[in-house]
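This is what each chain is made of:
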Amino acid sequence: LRPLLQWRRSELVEIVENAGIIAANDPSNNDRSYERVRVREAMTSSTAFDITGVATAANHLAEADLALEWAADQIWCQVTSDAKGFTWNAAADAPNALALRILERVLQAFEAPNPRGPDLVRWLETLRGAGVSTLGGVKGDARDGPWRFTRAPSHRT
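Residues numbered from 1 in each chain as written. Predicted model: local features only at pLDDT ≥ 70, side-chain atom pairs only at ≥ 80, totals over all residues. Heavy atoms only, no water.

## Comments concerning the pairing of strand E5 (residues 147-151)
Here comes step 1: Looking at chain direction, strand E2 (residues 85-88) and E5 are connected through 4 bridges and run antiparallel. Of the residues in E5, the one forming a bridge with Phe86 is Phe149.
Here comes step 2: Two strands pair when backbone bridges link them, and strand E4 (residues 138-141) and E5 are joined in this way by 4 bridges, in the antiparallel orientation. Along E5, the bridge assignment pairs Gly140 with Phe149.
Here comes step 3: In this antiparallel pair of consecutive strands, E4 and E5, the connection spans 5 residues, and Gly145 shows a positive phi of 100°. (Pairing = 2+ DSSP bridges. Helix = DSSP H or I, 4+ residues; strand = E, 2+ residues; numbered from the N terminus.)

Structure representation (structure tokens):
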């Protein structure tokens, strides 16, 4: 969350000074050994980056994320559960962004660890191919139509 992203640094400095507040100055903000400092310098040394445009784009992305969450909520209502797990009759044309969010919710329902992005994408691809795959201790099986999610059997040792 970056609530002051739409403000220019000079505007914030003026507000703080006018309020009689002594601003904290983190010396690492001027240390070029940090990539964030070099990126900030590159962005402010060029007119190609307009902070207002960046803030507007960030707001649009936040709104898009809320829209995806809203849509995922609607789809999640269609996921059924029983004592063994969950069943989702996934639409073949469901956008990847939504399908991935539903798979994340399935994992959360099983209290599975959060997967790395590529792992979740591979799981989705396997399920879309009517396959069987396990992620985070959750078995996803799409061989017989609706996708079925259950706890994966423990590994034999």
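## Some words on the packing of helix H3 (residues 51-76) against helix H4 (residues 96-109)
Here comes step 1: Two elements in contact, H3 and H4, have axes whose closest approach is 9 Å; the angle formed by their N-to-C orientations is 60°. Here H3 is positioned oblique relative to H4, judged by the angle of their axes. Remark: the crossing between H3 and H4 carries right-handed chirality. Seen from H3, the contacting residues are Asp65, Leu68, Glu69, Ala71, Ala72, Asp73, Ile75 and Trp76; seen from H4, they are Ala97, Leu98, Arg101, Ile102, Arg105 and Val106.
Here comes step 2: Class assignment for the residues of the contact of H3 with H4 results in 9 nonpolar, no polar and 5 charged. (Axes fitted to C-alpha atoms, helices over the stretch in contact; angles between N-to-C directions. Parallel < 35°, antiparallel > 145°, perpendicular 65-115°, else oblique. Left-handed = near helix turned anticlockwise from the far one by under 90°. Contact = heavy atoms within 4.5 Å. Nonpolar A, V, L, I, M, F, W, Y, C, P; charged D, E, K, R; others polar.)

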